[in-house]
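# Chain and residue survey
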Amino acid sequence: MTQKFVPAPAFGEADLSNCEREQIHLAGSIQPHGALLLCSEPGLKIVLASENAAEFLGLAPAGEPHTLIGMALDKLAGDLAGRVRPQLRAPLRTQPLRLRCTAGRPLRGIDAMIHRPAGGGVLIELEPAGPTIDVVGPIEAALQTILGSVSLASLCDETARIFKALTGYDRVMVYKFDDEGHGQVFAEQREPGLEPYLANRYPASDIPQIARRLYERHRVRMLVDVGFKPVRLHPALSPISGAPLDMSLCALRSSSPIHVQYLQNMGVRATLVVSIMVGGQLWGLIACHHYAPFFVASEIRAACEFLAEAVATRIAAFESFVLAQAELAARRLEQRMVEALSREGNWKSALFDNPQSLLHPVRATGAALLFDNEVTVTGDVPGTQDIRAIGTWLDSRAAQSGTEPAKLDQAKLDQAMTITASLTGEAEHFEAIKAAASGVLAVSLSSEPGTYLIWVRPEQVRTVTWGGDPTKPVTIGDTPADLSPRRSFAQWHQVMRLQCEPWTEADIAAARLIGAMVSDVVLQSRTVRMLIAQDQLERVRREVAVSTQPVIVADVNGDILLINRAFTAMVAGANHPLQSLTDLPGLFVDAQYVAERLQTLRTHRLSWRGEIAIRRDSGEALPLLIRADPILATADRVLGFVLIMTDMTEQKAASVARRRFQDGIIEQNRTVSGLIASKQDMTVQNLLKSVFENAQLAALEITDRVDPSRMPEMLESVRDSVRRTTVVLQNLFTQDPPGEEA
């Protein structure tokens with residue numbers, strides 16, 4: 001279903017329901033304390049002017065901007081054109097340039113700010129110039145104070161003090177944004193008797209995103225009188241672009257009626273807002289409030305912008321120091337892990353033997369490692385099953401996002417991370433473990449599911465003070481269009497439950513570094529294991545290849561990985577491709593039987609022991625003893641199959657020899673016993689019995705100890721000895737006794 005396009009509201013036509021998209025940079029009007037001119041290039045002909053411009057310059061009464069339209073800037077009295085023209089070689093697209101010049105009738109001092117707006121032309125903003133103000137001394141002193149700050153808190157306190165002394169506003173606040181866009185008054189300086197706002201929080205909805213983007217581009221914004229009457233531009237569209245004039249970088253740009261109403265509801269009459277940009281992001285604002293109309297000279301505003309950049313640089317230094325400390329801790333931990341890996345082969349011991357080295361950089365109270373289906377923990381953590389449940393939840397988040405675990409939350413982090421200060425808010429069933437794990441910071445260590453390094457924090461019940469009820473940001477009038485910002489800014493206290501202390505950027509950075517380091521060590525460990533396994537595989541492969549027993553190795557799918565030389569020699573000449581276990585049955589005499597047993601091996605993972613016969617080129621069948629086994633990694637995971645065959649030719653010959661021996665012994669025993677029994681000679685019977693018992697014992701020893709290839713020969717030797725012995729007995733006892741006639 002196609003969504004219906006809803007156009008962004010024009011400037012001044014938004015209400016609280018759509019102010020996020022109000023085109024405030026296309027205001028089409030300015031504050032009345034200055035004037036605006038848009039000139040075409042290269043002739044600097046005025047093509048657009050504010051309706052008060054002619055009056056501001058003393059050329060015509062108010063409301064007659066057409067007096068200036070079409071006039072060359074050079075025709076104006078004073079040196080405005082002469083000061084502007086040399087600057088046109090610069091781009092002037094991202095930051096206005098301030099010029100002190102003269103203009104107007106009578107001739108007077110003017111502060112001009114020039115830049116090139118999107119859409120073309122040169123935009124010139126004019127303000128009355130007061131006496132020259134020496135700001136160098138205050139800037140130098142302030143800069144030394146800023147550079148001497150030893151913590152973020154002291155820096156913000158000093159910044160509020162410096163800006164109040166420099167500008168003279170009734171109240172100066174350093175306002176810091178959190179990850180969700182909410183703001184908090186981090187430091188404050190105020191006149192006695194004013195209600196304190198220090199530590200108050202304000203919802204993200206108080207500053208629409210489009211306004212935040214303008215704060216990023218135009219770093220200093222002054223509103224002289226909240227009750228001002230906007231001065232329109234003439235014509236409404238820029239003759240150069242044919243579109244409304246882009247006023248993103250205009251110092252004089254009118255403020256949105258909604259913002260004006262917001263300030264009026266607070267009782268504020270004038271403001272100065274200076275952006276604090278850290279790392280390309282809007283870190284916060286220096287917000288100055290006055291309770292009467294108030295104008296600040298351009299030199300002071302320039303000094304404020306300069307000092308705000310110094311403050312931002314100092315904040316970046318503090319944050320970098322924290323990151324450097326985290327990196328140092330991570331590198332020390334990495335060194336211990338690498339040493340443990342090389343010394344003991346166990347990197348996890350180094351990770352958990354000193355818990356503080358793992359917990360302190362992230363300011364966590366507990367940590368857990370999910371790796372190779374094992375759980376290792378330290379500190380205050382939930383039970384093992386709860387940790388596994390968190391791992392399952394992390395896997396499900398990856399599955400729901402349609403990304404692999406290693407790519408989870410990659411929009412802002414190099415290492416896959418999941419960050420939440422309220423685990424219960426993400427999944428209600430985790431409320432039972434809030435005492436140990438109300439917040440979770442987790443790093444995925446590999447692309448395999450269930451492999452995580454997890455830090456936890458307990459629930460921290462705390463009271464947050466808001467500057468007004470954040471759940472009621474608007475006042476609704478009699479009609480839907482009558483929406484205005486809330487009128488009450490009385491402190492509103494909210495008890496926060498089921499949340500941990502929020503994870504800071506420093507915590508996240510430390511976790512990212514440690515996670516990346518552990519991932520590297522895990523990869524190194526697995527690489528070492530792979531090399532060892534590869535070495536063992538090659539050694540085993542060589543041993544199997546030269547084994548005298550025929551061997552076949554197949555993978556879990558039955559595809560043949562290895563056939564050794566003994567098997568190849570055994571089937572030499574067979575015109576039969578061998579790529580899978582399903583190709584083997586055709587080599588054997590009873591192909592159907594072999595196929596059935598191999599299928600059972602693969603399907604049911606049942607070992608097979610039995611005798612089979614392979615076809616030979618000569619047409620003879622070679623008897624084999626086969627041993628086929630599945631190779632199991634775990635109870636439910638098969639790596640492959642191994643088939644080992646033993647040539648049964650010698651065993652068969654030995655078996656035949658044993659039967660021949662037994663049959664021969666029995667026959668000899670019967671023959672000789674019959675002959676000798678006729679003499680009724682018990683002595684001979686006993687001798688004969690001893691001969692046969694001795695032969696039987698010798699045969700047992702031979703069949704148990706002797707190489708099967710020699711067994712027939714040795715059994716035949718024993719049988720021949722028995723035969724010879726019985727012949728000797730026969731010769732001895734079948735002759736007539738001496739002295740008797742034959």
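In short, a report on the structure. None of the values given here were measured: they were computed from a predicted structure. (Residues numbered from 1 in each chain as written. Predicted model: local features only at pLDDT ≥ 70, side-chain atom pairs only at ≥ 80, totals over all residues. Heavy atoms only, no water.)

## Remarks on helix H15 (residues 591-604)
With 14 residues, H15 extends 20 Å from end C-alpha to end C-alpha; this agrees with the ideal 20 Å at 1.5 Å per step. All buried positions along H15 are accounted for by Val594, Leu598 and Leu601. An end-on view of H15 places all buried positions within 55 degrees of arc, on one side of the element. H15 presents Gln592 and His604 as exposed residues on the side facing more than 90 degrees away from its buried surface. (Helix = DSSP H or I, 4+ residues; strand = E, 2+ residues; numbered from the N terminus. Expected span 1.5 Å × (residues − 1). Buried < 20%, exposed > 50% of the residue type's maximum accessible area, 1.4 Å probe, protein only. Arc of directions from axis to C-beta.)

## A short note on the nonpolar core
Ranked by size, the top nonpolar core spans 35 residues in total, and within it Phe163, Leu272, Val274, Ile276, Ile286 and Leu307 carry the most contacts. Put simply, the parts of the chain that give this core at least two residues each are helix H3 (136-148), helix H4 (152-167), strand S7 (171-177), strand S10 (220-223), strand S12 (270-278), strand S13 (281-290) and helix H7 (298-344). Looking at this core element by element, the count peaks at 10 residues for H7. Setting aside its immediate chain neighbours within four residues, Leu272 contacts Thr167, Tyr169, Val220, Arg221, Met222, Ile286, Ala287, Cys288, Arg301 and Cys304. Core analysis: the next-biggest nonpolar cluster, separate from the first, contains 32 residues, Ala364, Leu369, Cys500 and Val521 among them. (Core = buried A, V, L, I, M, F, W, Y, C linked by side-chain atoms within 4.5 Å. Contact = heavy atoms within 4.5 Å.)

## Quick look at the sheet that holds strand S24 (residues 560-563)
Note on sheets: strands pair through backbone hydrogen bonds, and any given pair is parallel or antiparallel. On the basis of which strands lie adjacent, the open sheet formed by five strands has the order S24-S23-S27-S26-S25 and antiparallel pairing. Edge positions in the open sheet fall to S24 and strand S25 (608-615), since each of these has one partner strand only. Averaged over all pairs of adjacent strands, the angle between strand axes in this sheet comes to 25 degrees, irrespective of strand direction. Of the strand pairs in this sheet, S25 and strand S26 (residues 621-634) are connected by eight bridges, and their pairing is antiparallel. Each bridged residue has a counterpart across the sheet, and for Arg615 the counterpart in S26 is Ala621. Helix-sheet contacts for H15 involve S25, S26 and strand S27 (637-647), and the interaxial angle to S25 is about 145 degrees. (Pairing = 2+ DSSP bridges. Axes fitted to C-alpha atoms, helices over the stretch in contact; angles between N-to-C directions.)

## Topic: the sheet that holds strand S11 (residues 231-234)
With respect to topology, seven strands assemble into an open sheet ordered S1-S11-S3-S2-S6-S5-S4, the strand pairing being antiparallel. The sheet terminates laterally at strand S1 (29-30) and strand S4 (97-103), the two strands that pair on one side only. Here strand S2 (residues 35-40) runs beside strand S6 (residues 122-128); their pairing, made up of five bridges, is antiparallel. Considered in S6, the bridge of Cys39 is made with Val122.

## With respect to unusual backbone geometry
Cis rather than trans, the peptide bond between Glu41 and Pro42 has omega equal to 5 degrees. Note on placement: Pro42 falls in the loop between S2 and strand S3 (45-50). The step from Arg105 to Pro106 runs through a cis peptide bond, and the omega angle for that step is -5 degrees. Relative to the helices and strands, Pro106 is located in the loop between S4 and strand S5 (108-115). One non-glycine residue, Asp372, lies in the positive phi region at around 50 degrees. Looking at where Asp372 falls in the secondary structure, it is placed in the loop between strand S14 (366-371) and strand S15 (374-379). Classification of Asp372 by relative accessible area gives partly exposed; the value is 40%. A positive phi angle, close to 60 degrees, is found at Arg605, a residue other than glycine. Relative to the assigned elements, Arg605 resides in the loop between H15 and S25.

## Let's talk about the side chain of Arg221
Within the element layout of this structure, Arg221 appears in strand S10. Buried Arg221, no salt bridge; nearest opposite-charge side chain is Glu125, N-O distance 7.1 Å. With residues up to four places along the chain from it excluded, the contact list for Arg221 reads Gln31, Tyr215, Cys250, Ala251, Leu252, Arg253, Ser254, Ser255, Thr271, Leu272 and Val273. (Lys, Arg positive; Asp, Glu negative; His and termini not counted. Salt bridge = Lys/Arg side-chain N within 4 Å of Asp/Glu carboxyl O.)

## Side note on the environment of Thr649
With respect to the helices and strands, the residue Thr649 is situated in helix H16 (residues 649-677). Sequence separation between Thr649 and Pro623 is 26 residues, and the spatial gap between their C-alpha atoms is 6.0 Å.

## Considerations on the environment of Asp179
You can see Asp179 is positioned in the loop between S7 and strand S8 (183-190). It is 9.8 Å that separates the C-alpha atoms of Asp179 and Trp283, two residues lying 104 residues apart in sequence.

## Examining the pairing of S5
With six of eight residues buried, S5 is to be regarded as a mostly interior element. The pairing of S4 with S5 spans seven bridges and is antiparallel. In the strand pairing of S5, Thr102 is matched with Gly109. Here S4 folds back onto S5 in antiparallel fashion, the turn holding four residues, of which Gly104 has a positive phi close to 90 degrees. Both S5 and S6 contribute to a ladder of six bridges, which runs antiparallel. Note on S6: the bridge partner recorded for Met113 is Glu125. The antiparallel hairpin formed by S5 and S6 contains six residues in its connecting segment, where Gly119 sits at a positive phi of about 105 degrees.

## Description of the side chain of Glu188
Positionally, Glu188 belongs in strand S8. Within the local environment of Glu188, its side chain forms a polar contact with the side chain of Arg171, the two groups lying 2.6 Å apart. In this view, Glu188 contacts Ala160, Arg171, Val172, Met173, Glu195, Pro196, Tyr197 and Leu198; residues no more than four positions away in its chain are not counted. (Polar contact = N/O pair within 3.5 Å; in protein donor to acceptor, adjacent residues only side chain to side chain.)

## Some words on a negative patch on the surface
Residues Asp179, Glu180, Glu319 and Glu505 make up a contiguous surface patch of negative charge. Tracing the sequence through the fold places Glu319 in helix H7. Looking at Glu319, the relative accessible area reads 36%, which means it is partly exposed. (Patch = residues over 30% accessible without salt bridge, like charges linked within 9 Å, V, L, I, M, F, W, Y side chains within 5 Å. Areas by Shrake-Rupley, 256 points an atom, 1.4 Å probe, with all protein chains shown as cover. Charge placed at Lys NZ, Arg CZ, Asp CG, Glu CD.)

## Things to note about the pairing of S24
Taken together, the three bridges between strand S23 (residues 551-555) and S24 define a ladder with antiparallel strand orientation. Counterpart to Ala554 in the pairing with S24 is Ile560.

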